[in-house]
Amino acid sequence: MDAGMKAEKLRKMIRQYAHQGVMVAFSGGVDSALLLKLAYMAAREAGGQAYAVTVHTRLHPAGEMEAAEKLCREIGARHLRVSIDELEEAGILDNPVERCYLCKKSLFTKIKELAATLQIPVIMEGTNQDDLQVYRPGIRALGELGIVSPLAEAGMGKEEVRKLAEEYGLPVAAKPSLPCLATRFPYGTRLTYEKMKKADEGENFLKGFGLHNVRLRVHGEIARLEVDEGDFSTILLYRKEITAKLKSLGYLYVALDLEGFRSGSMDVGLGTENTMKS
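Asks: Would you take a moment to explain the overall build of the protein for this structure?
Replies: Each helix and strand counted, the protein has eleven helices and seven strands in total. In terms of C-alpha radius of gyration, the protein reaches 19 Å, essentially the compact-globule figure of 19 Å for 278 residues. Summarising its shape, the C-alpha atoms of the protein cover approximately 60 × 40 × 35 Å along the three principal directions. By sequence separation, contacts in the protein at least 24 residues apart represent 74% of the contacts at least 6 residues apart. Entry remark: accessible area of the protein is about 13300 Å², with carbon and sulfur atoms responsible for 52%. Each charge sign in the protein was given a centre, from 38 positive and 38 negative side chains, and these centres are 2 Å apart.

This is the structure we're talking about:
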């Protein structure tokens, strides 16, 4: 199925849901932004309701809530918040391998409760086809809770999502993915908000040099930097400033990963089984 057919399948699915009323789990990233845009347009046409709900969490980079609120206003949808303390409520203090499953189960249980109070029967989220090919244990929780993943159902991968988002004029079409800050630590690491805040601060400092994809992976006292291979020269050019900043955050050693940026590098060795069933 070509990209145009996938896009039409996606629009058709969302039009069907819009008659019932929909709630979009809205992070402000390109996947959920595209869903919200289409859901809002379809709901207006059908005379239904389309809500965006963003989870207020300390596990995601600073500023993401404000960015999500701004984008939601631009789209025109009503924006709601749900607050959660994942470390305590989701049982992920020790960063277990099933962290994503536990987190999604906790988050979407709260979202379902909110949707029920508003009598909204359909909750959508932004898993895309590419996510089904890698380690994503949270997808199992979505299935258990009856959450709908239209992008994946339409067979749309990340680049197809970005292209369609660009066609709709969404400003986040090229925005890099920003997974939760727990992904910066090896499984089994005791997590604290202080540790994650330092990793986030370090990444924001690195982005100040114009870097696009950045991950600061924390291995105890070591900060392992993942950036696009084309940005290695920037890291080396500003290595003294970068080293000084990261040491001021408490890291004793600063290393550049020669494999470069890659999503899910902490999942190496875990396998890539179909996580819809895992």
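Asks: I keep staring at the nonpolar core and nothing clicks. Help me out?
Replies: By size, the foremost hydrophobic cluster in this structure holds 38 residues, and its most contacted members are L10, I14, F26, L34, L36 and M124. For this core, the secondary-structure elements that each account for two or more residues are α1 (3–18), β1 (22–25), α2 (30–46), β2 (50–56), α3 (64–75), β4 (122–124) and α8 (158–167). Among the elements that make up this core, the one with the highest residue count is α2 (ten residues). Contacts of L10, omitting those with residues within four sequence positions, involve L34, L35, L38, P150, L151, A154, M156 and L164. Counting 27 residues, the second largest nonpolar core, distinct from the first, contains C180, Y193, L216 and A223.

Asks: Please explain the packing of α2 against α3 as it appears in this structure.
Replies: Two quantities define a packed helix pair, namely the angle between the helix axes and the distance between the axes. Orientation of α2 relative to α3, taken along the N-to-C sense of each, is 30°, at an axis distance of 10 Å. Taken together, the axes of α2 and α3 lie roughly parallel to each other. The handedness of the crossing between α2 and α3 comes out as right-handed. In contact with A33, L36, K37 and Y40 of α2, α3 contributes L71, C72 and I75. Among the residues making up the contact of α2 with α3, the classes are represented as six nonpolar, no polar and one charged.

Asks: Can you help me understand the side chain of N128 in this one?
Replies: Relative to the assigned elements, N128 resides in the loop between β4 and α6 (138–145). A polar contact is formed between the side chain of N128 and the side chain of D31, at a distance of 3.3 Å. Ignoring any residue separated from it by four or fewer positions in sequence, one finds N128 in contact with D31, L151, A152, M156, G157, K158 and V161.

Asks: Can you walk me through the sheet that holds β1 in this structure?
Replies: Strands pair in a sheet through their backbones, by hydrogen bonds, and they do so in one of two ways: parallel or antiparallel. Strand order across the open sheet formed by four strands is β3-β2-β1-β4, with parallel pairing between neighbours. Only two strands of the sheet have a single partner each, and these edge strands are β3 (78–83) and β4. Between one strand axis and the next, the sheet turns by 30° as a mean value, whatever way the strands run. Contacts between α2 and the sheet are confined to β1, β2 and β4, with β1 contributing the most and set at about 165° to the helix. Packing of helix α5 (residues 99–117) onto the sheet brings it into contact with β1, β2, β3 and β4, and relative to β1 it is tilted by some 155°.

Asks: Honestly, the sheet that holds strand β6 (residues 222–227) in this entry has me stumped. Any pointers?
Replies: The three strands lie next to each other as β5-β6-β7, forming an open sheet whose pairing is mixed. Whereas interior strands pair on both sides, the edge strands pair on one side only; in this sheet they are β5 (214–219) and β7 (253–256). Between one strand axis and the next, the sheet turns by 25° as a mean value, whatever way the strands run. Bridge analysis of β5 against β6 gives six bridges, and the strand direction is antiparallel. Bridge pairing in β6 links R215 to E226. Across the sheet, helix α9 (residues 193–207) lies against β5 and β6, angled at about 145° from β5, the strand it touches most.

Asks: Is there a simple way to think about the packing of aromatic side chains in this case?
Replies: Tallying each qualifying case throughout the model produces two aromatic pairs. Ring centres 5.3 Å apart and planes at 85° place the aromatic pair F205 and F209 in the edge-to-face group. Judged by its relative accessible area of 24%, F209 is partly exposed. Among the aromatic side chains, those forming a connected cluster through ring pairs are F205, F209 and Y238. Over the face of the ring belonging to Y101 we find R140, whose NZ or CZ atom lies 3.9 Å from the ring centre.

Asks: It is not clear to me how the pairing of β6 should be interpreted in this structure. Could you clarify?
Replies: Regular strands show a simple pattern: their side chains alternate between the two faces of the sheet. In terms of burial, β6 is a largely internal element, five of the six residues being buried. With antiparallel pairing between neighbouring strands as the criterion, β5 and β6 make up a hairpin whose turn holds two residues, including G220 at a positive phi of roughly 65°.

What counts and what doesn't
Residues numbered from 1 in each chain as written. Predicted model: local features only at pLDDT ≥ 70, side-chain atom pairs only at ≥ 80, totals over all residues. Heavy atoms only, no water. Helix = DSSP H or I, 4+ residues; strand = E, 2+ residues; numbered from the N terminus. Rg over C-alpha atoms; globule rule 2.2 N^0.38 Å. Contact = heavy atoms within 4.5 Å. Areas by Shrake-Rupley, 256 points an atom, 1.4 Å probe, with all protein chains shown as cover. Lys, Arg positive; Asp, Glu negative; His and termini not counted. Charge placed at Lys NZ, Arg CZ, Asp CG, Glu CD. Core = buried A, V, L, I, M, F, W, Y, C linked by side-chain atoms within 4.5 Å. Buried < 20%, exposed > 50% of the residue type's maximum accessible area, 1.4 Å probe, protein only. Axes fitted to C-alpha atoms, helices over the stretch in contact; angles between N-to-C directions. Parallel < 35°, antiparallel > 145°, perpendicular 65-115°, else oblique. Left-handed = near helix turned anticlockwise from the far one by under 90°. Nonpolar A, V, L, I, M, F, W, Y, C, P; charged D, E, K, R; others polar. Polar contact = N/O pair within 3.5 Å; in protein donor to acceptor, adjacent residues only side chain to side chain. Pairing = 2+ DSSP bridges. Phe/Tyr/Trp six-rings, centres within 6.5 Å; stacked < 30°, edge-to-face > 60°. Lys NZ or Arg CZ within 6 Å of the ring centre and 35° of its normal.

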